[in-house]
Amino acid sequence: PRGSPAACTSERSKGSPPSQSAAPPPAIRIIPYKGFTYSASIVRARASDLPPLVLLPPIGVGIDRTFCQLLIDEWASSREALPALHAIDVVG
């Protein structure tokens, strides 16, 4: 179904081990701002000439950055030349 976590799955996330030359696992960055704390999962770029991709979950429905964790993991384990990925949690 569209918009469900199942939509983020792929063959590699079903059990194949990640490549040895893949990027390091996503980093979690925590930022305090005006009394709130925000966080983001960040996957480093494997292609420096591309702008980063920002995943922004729907606002107001209680979904955080972990909604598409399978996509984040797949992006991190890819050997392709991909831009950085920032999955932002806007719920403070």
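Shown above is the structure to which this text applies.
**Observations concerning the environment of isoleucine 31**
So, step 1. Structurally, the position occupied by isoleucine 31 is in strand E1 (residues 27–33).
So, step 2. Residue class for isoleucine 31 comes out partly exposed when judged on its relative accessible area of 39%.
So, step 3. In contact with isoleucine 31, other than residues within four places in its own chain, are Phe36, Thr37 and Tyr38.

**Describing the packing of aromatic side chains**
Pairs of aromatic rings are described using the distance from one ring centre to the other and the angle between the two planes.
So, step 1. With the rule as written, the count across this model stands at 1 aromatic pair.
So, step 2. Taking the centre distance of 6.4 Å and the plane angle of 45° together, the rings of phenylalanine 36 and tyrosine 38 count as tilted.
So, step 3. On the accessibility criterion, phenylalanine 36 (47% relative accessible area) is partly exposed.
So, step 4. For tyrosine 38, a relative accessible area of 25% translates into the label partly exposed.

**Examining unusual backbone geometry**
So, step 1. Phi at lysine 34 is positive, roughly 50°, even though this residue is not glycine.
So, step 2. Examined against the element boundaries, lysine 34 turns out to sit in the loop between E1 and strand E2 (36–43).

What counts, and where the lines are drawn
Residues numbered from 1 in each chain as written. Predicted model: local features only at pLDDT ≥ 70, side-chain atom pairs only at ≥ 80, totals over all residues. Heavy atoms only, no water. Helix = DSSP H or I, 4+ residues; strand = E, 2+ residues; numbered from the N terminus. Buried < 20%, exposed > 50% of the residue type's maximum accessible area, 1.4 Å probe, protein only. Contact = heavy atoms within 4.5 Å. Phe/Tyr/Trp six-rings, centres within 6.5 Å; stacked < 30°, edge-to-face > 60°.

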